[in-house]
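Coordinate inspection notes
Given next are the chains, with one letter for each unit.
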Amino acid sequence: MAKIRYFAGQNWVILSLSVLFTCWALAFIHHASYVATDGRLYFNLFDDALISMRYAWNFAHGNGLVWNKGEYVEGYTNLLMTLLMAIASFFLEKRYAVLAIQLTGIVFVLGTAFCTVQILNLLKPAKAPQYILFATILLYYPLNYWSLLGMETGLLAFLLSAGVLYSLLYAENLNTKHLWLMVLCFGLAYLTRNDSLLFAALTFLYLTLTLKFGKMYIQLFLASGLTYSLFPVGQTLFRYWYYGQIVPNTYTLKLVGMALDERLRNGWGFVQSFLRESSWVLVIAALGLFIKPSKQKFYLFGFFLISISYQIYVGGDPWTYWRIMAPTMPFVFVLLVSTCEEILNLTSIKPPGLIYPFLLIAITLAGLYKADSRFLKEMSMQELPFDVEVAHKNIESAIAINEITKETASIGVFRAGVLPYYVNQTAIDFLGKSDPYIANLPPDTSGTMSWDGMNSVPGHNKYDLTYSIQTLLPTYVDDLKWGTQDLTEWGKEHYVLVRYNKTWLWLLKDSPDVYWDKVK
């Protein structure tokens, strides 16, 4: 009977790697932090993560699961992560709630590495080099980046790896405990990201094709499927009851109105860089499917294929840090390590003693180096993590806005995370994550919103500055132009650029919501 094996004979190596990773992650968190002009230390999450944190903060303090008080719009896609943020927000002030979420990222990455090693044990129980795979997971920067900066990527990676582990255990021993744990993991993964439904479908398909059920097990299997369905059905009913919509506003924003062929072109243009960077890892992993084929290997590789296909389908992503593929890359690394071992075992001359693991490490690290090479300066902390410097500037803007405007003021932003999180004023999201009007506009496919191989970036290609600025007249705007629209000349007539504590702010002229005596 298969069971989880706890790093037999390699405990000290795994423990040492865990300690080293934790130390690096803490240094990364500190490196991304910032002492602002108010003398306080601010920790940093990725801007989109702080959109969820604003929802969480409002929920934890009795204002509802909303971005603005009284406005019921679902501008997040990570309910479970948002609820975890709400727990931190209930007990801690805003700066330290951010730190708490960063620390959970360490736990999620370590948990992913642990579960993934157990998956390797099931594939290669004889002499699997567990510590090599464990280290490979911990060294994959895109997973670390998103996890330590508060996105749901780490949580999803952990839940998927745990769900796959329990599915493989159930396939071997038909222990019902493993089946229900699998259902729980994939159910929670659905609440983390709704598109993980695709991964759950793959798992149920794998078990259906793998197992020969008796009548009792068929009934149990159907019951597990129905139990899993409670998660998507339950969240959909909650969404309709609470927000009045069947799908989140972000779905409308990114998918509605953009032709499928345009999305596919964008998506393919986006993933080409990923495929180049990960080519060594992917080729070796795919080779293993044919050197020693097994259903388990094709099952694991299927997770990666789903993630990259989904990334192409939705039209790419604004950031080339592989947010969608990162949660499934641990399964690719399982195949990478397994295949490297198989290749070495195929050679006529068997590597002796200590040479064997060194060869395995060299091949694995060569592939990982190619996948991580673009991020080495961030990994070694020679540079700030991507987007953190902009976050520091937005923190300064938030401090200034809190000091020179009243709570009745409003702020208009293109980046809807950092600045709105650190202020209490009503926020206007120029790019529509929390604005149904913007989300339902046709996308700008003129090419002015193109970058990273995409002609039109999903989530950033719908806007109407005439509505958001000229009609709504926010007290503060962080810019006056986007894409094809430029309101700079109009803005100079209605807004004034002021400096407060070395921070420049566009403020609505003569607004009663501004303490003008503080800026003049």
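Summary of the structure given here. (Residues numbered from 1 in each chain as written. Predicted model: local features only at pLDDT ≥ 70, side-chain atom pairs only at ≥ 80, totals over all residues. Heavy atoms only, no water.)

1. Let's talk about the packing of aromatic side chains
One pass over the structure, following the stated rule, counts 44 aromatic pairs. With centroids separated by 5.2 Å and ring planes inclined at 70 degrees, the aromatic side chains of Tyr140 and Phe333 adopt a geometry described as edge-to-face. Within this pair, whereas Tyr140 is found in the loop between helix H5 (130-139) and helix H6 (141-148), its partner Phe333 is found in helix H15 (residues 329-346), the two being separated by 193 residues in sequence. By the burial criterion, Tyr140 is buried, and Phe333 matches it. Each ring, one from Tyr145 and one from Trp146, has its centre 5.0 Å from the other, and the planes form 80 degrees; the classification is edge-to-face. Across the pair, Trp146 and Tyr145 agree in class, each one buried. Taken together, the ring pairs connect Phe21, Trp24, Phe28, Phe46, Tyr141, Tyr145, Trp146, Trp319, Tyr321, Phe375 and Phe386 into an aromatic cluster. Positioned above the aromatic ring of Tyr42 is the side chain of Arg95, whose terminal nitrogen or guanidinium carbon lies 5.8 Å from the ring centre. (Phe/Tyr/Trp six-rings, centres within 6.5 Å; stacked < 30°, edge-to-face > 60°. Helix = DSSP H or I, 4+ residues; strand = E, 2+ residues; numbered from the N terminus. Buried < 20%, exposed > 50% of the residue type's maximum accessible area, 1.4 Å probe, protein only. Lys NZ or Arg CZ within 6 Å of the ring centre and 35° of its normal.)

2. A look at the pairing of strand S8 (residues 495-500)
Side chains on a regular strand alternate between the two faces of the sheet. For S8 and strand S9 (residues 503-508), the ladder comprises 6 bridges, and the chain directions are antiparallel. Bridge pairing in S9 places Tyr500 opposite Thr503. In sequence, S8 turns back onto S9 through a hairpin of 2 residues, with Asn501 there showing a positive phi of about 50 degrees. (Pairing = 2+ DSSP bridges.)

3. Considering the sheet that holds strand S3 (residues 410-413)
In spatial order, the strands read S4-S3-S5-S9-S8; together these 5 strands make up an open sheet with mixed pairing. Sheet topology places strand S4 (426-429) and S8 at the edges, where each strand pairs with a single neighbour. As defined by bridge partners, S3 adjoins strand S5 (residues 476-477) across 2 bridges and the pair is classed as parallel. Among the inter-strand pairings, Gly412 is bridged to a residue of S5, identified as Val477. Against the sheet, helix H18 (residues 388-404) touches S3, S5, S8 and S9, its axis set at about 50 degrees to S9. (Contact = heavy atoms within 4.5 Å. Axes fitted to C-alpha atoms, helices over the stretch in contact; angles between N-to-C directions.)

4. Regarding the environment of Tyr206
Here Tyr206 shows up in helix H9 (residues 197-210). Classification of Tyr206 as buried rests on a relative accessible area of 8%. Separated by 138 residues in the primary sequence, Tyr206 and Asn68 have C-alpha atoms spaced 43 Å apart. For Tyr206, the residues in contact, after removing those within four places along its chain, are Leu168, Ala171, Lys295, Gln296 and Tyr299.

Function cannot be read off these values alone, since they describe shape.
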